[in-house]
Amino acid sequence: MYISVVILTCNQQALTMRCLGSLASLIADDECEVILVDNGSTDGTIDMVHLRFPKVKTIALPENRGVAAGRNVGLGAASGEYLMILDNDTVADRHTIFALADYLRRHPEVGLVAPKLVNPQGEVQTSYKRFPGLGVKIGNIMRGARHTSVSRKIPMREMEPFYLIGAAQMFPRDVYQMAGPLDENIFYGPEDADFCMSVRSVWKRIVYLPSLTIVHDWQRATTRRVLSPAGRRHIAGLLYFYAKHRRLF
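This is a predicted model, so every value here is computed, not measured.

Student: I keep staring at the packing of helix H9 (residues 191-201) against helix H11 (residues 229-245) and nothing clicks. Help me out?
Tutor: Between two packed helices, what matters for the description is the angle formed by their axes and the separation of those axes. The interhelical angle for the contact between H9 and H11, taken along N-to-C directions, is 25°, at an axis separation of 10 Å. Comparing their axes, H11 and H9 come out roughly parallel. The residues of H11 that touch H9, namely those facing Ala193, Asp194 and Met197, are Phe241, Lys244 and His245. Classifying every residue of the contact of H9 with H11 by side-chain character gives three nonpolar, one polar and two charged.

Student: Explain the nonpolar core here, please?
Tutor: Grouped burial of nonpolar side chains is what soluble globular proteins tend to show. In terms of nonpolar packing, the biggest core is built from 74 residues, with Leu86 and Met170 touching the most fellow members. Examining the composition of this core, we find that seven residues originate from one element, helix H5 (residues 94-106), more than from any other. Ignoring any residue separated from it by four or fewer positions in sequence, one finds Leu86 in contact with Val5, Val6, Ile7, Leu8, Cys19, Leu23, Ala92, Ala167, Ala168 and Ile214.

Student: Looking at this model, I keep getting lost on helix H4 (residues 67-77). Mind explaining?
Tutor: Since the α-helix advances by 3.6 residues per turn, residues separated by three or four positions end up pointing in the same direction. Of all eleven residues in H4, eight are buried; the element is thus mostly enclosed. Of all the positions in H4, only Val67, Ala68, Ala69, Gly70, Arg71, Asn72, Gly74 and Leu75 are classed as buried.

Student: Explain the packing of helix H1 (residues 13-22) against helix H3 (residues 45-52) here, please?
Tutor: Contact geometry of H1 with H3 gives a least axis separation of 10 Å together with a crossing angle of 25°. Taken together, H1 and H3 sit at an angle that is classed as roughly parallel. Here H1 and H3 pass one another in a crossing that is right-handed. Seen from H1, the contacting residues are Gln13, Thr16, Met17 and Leu20; seen from H3, they are Thr45, Met48, Val49 and Arg52.

Student: Help me out: how do you make sense of the packing of aromatic side chains in this one?
Tutor: Within a pair of aromatic rings, the relevant descriptors are the distance that separates the centres and the angle that separates the planes. The full count for this structure, using the stated rule, is ten aromatic pairs. Ring centres of Tyr128 and Tyr208 lie 4.8 Å apart, and the angle between their planes is 55°; on these two criteria the pair is classed as tilted. Of this pair, Tyr128 sits in strand S7 (residues 128-129) while Tyr208 is found in strand S10 (residues 205-216), placing the two residues 80 residues apart along the sequence. You can call Tyr128 buried: its relative accessible area is 14%. Three or more aromatic residues joined by ring pairs form one cluster here, namely Phe131, Phe162, Phe241 and Tyr242. Over the face of the ring belonging to Phe162 we find Arg200, whose NZ or CZ atom lies 5.8 Å from the ring centre. One Lys or Arg, Arg247, reaches over the ring of Phe131 and ends 3.8 Å from the middle of that ring.

Student: How should unusual backbone geometry be read in this particular structure?
Tutor: Excluding glycine, most residues fall at negative phi; most peptide bonds, likewise, are trans. Note that the residue after Gly180, namely Pro181, is joined by a cis bond; omega there is 0°. Structurally, Pro181 can be placed in the loop between helix H8 (173-179) and H9. Between Gly189 and the following residue, Pro190, the backbone shows a cis peptide bond with an omega angle of 0°. Positionally, Pro190 belongs in the loop between H8 and H9. Its identity as a non-glycine residue notwithstanding, Trp203 has a phi of 65°, on the positive side. Within the secondary structure layout, Trp203 lies in the loop between H9 and S10. Under the relative-accessibility criterion, Trp203 is labelled exposed at 78%. With a phi close to 50°, Arg246 is a non-glycine residue in the positive phi region. Note that Arg246 resides in the segment after H11.

Cut-offs and rules
- Residues numbered from 1 in each chain as written.
- Predicted model: local features only at pLDDT ≥ 70, side-chain atom pairs only at ≥ 80, totals over all residues.
- Heavy atoms only, no water.
- Axes fitted to C-alpha atoms, helices over the stretch in contact; angles between N-to-C directions.
- Helix = DSSP H or I, 4+ residues; strand = E, 2+ residues; numbered from the N terminus.
- Parallel < 35°, antiparallel > 145°, perpendicular 65-115°, else oblique.
- Contact = heavy atoms within 4.5 Å.
- Nonpolar A, V, L, I, M, F, W, Y, C, P; charged D, E, K, R; others polar.
- Core = buried A, V, L, I, M, F, W, Y, C linked by side-chain atoms within 4.5 Å.
- Buried < 20%, exposed > 50% of the residue type's maximum accessible area, 1.4 Å probe, protein only.
- Left-handed = near helix turned anticlockwise from the far one by under 90°.
- Phe/Tyr/Trp six-rings, centres within 6.5 Å; stacked < 30°, edge-to-face > 60°.
- Lys NZ or Arg CZ within 6 Å of the ring centre and 35° of its normal.

What follows is the structure, given as structure tokens:
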């Protein structure tokens, strides 16, 4: 198996089916596998996937175990040489995913790569991030979701940010084995920043590729609703992250 794509879902049947529909040619490719991990959905997502995309490997968890734990389940079941985690609110294509794998194959010093993410209106997401310190997070809340999500200065060339968000990341299997798994003490963010730091700890580079694009219909729920259940879990994850790395800024 060349590429494994792991998608996580929880009670978002319509978004999940749209995502899988965009990957139809990849799903049909014998060199690839798509693994859907269902984090305790009650909306019939798994049944619908079995009906419309029988080649997709599904793993149904009895409850929502969080982003890191759910992705680890899928990555643990993957057999590809290159592993990709992909949010279910994305629209991707076979060409982009194979191009990401080809980049990693040609650059063995790179441990994780991600494409440019744009919303359905074509606006570029700031998916390339600096350290998610306390000041950055407070500033995001003060400025609002839209201001912090849409990029004002769009990178034209590949670059190495501190971390890349987990909506679309690809890494070689051996890098995941050395740097992973994702820290399951973080239920929902910033598990992506933590994993990128782990990749760097095994002397691999993190690269953003603006020449490749995936559509991401991002929600920014934790920025809009800080005290929602998801927002509180995000805050708890941040506090754990700061304590783990002994760093606030």
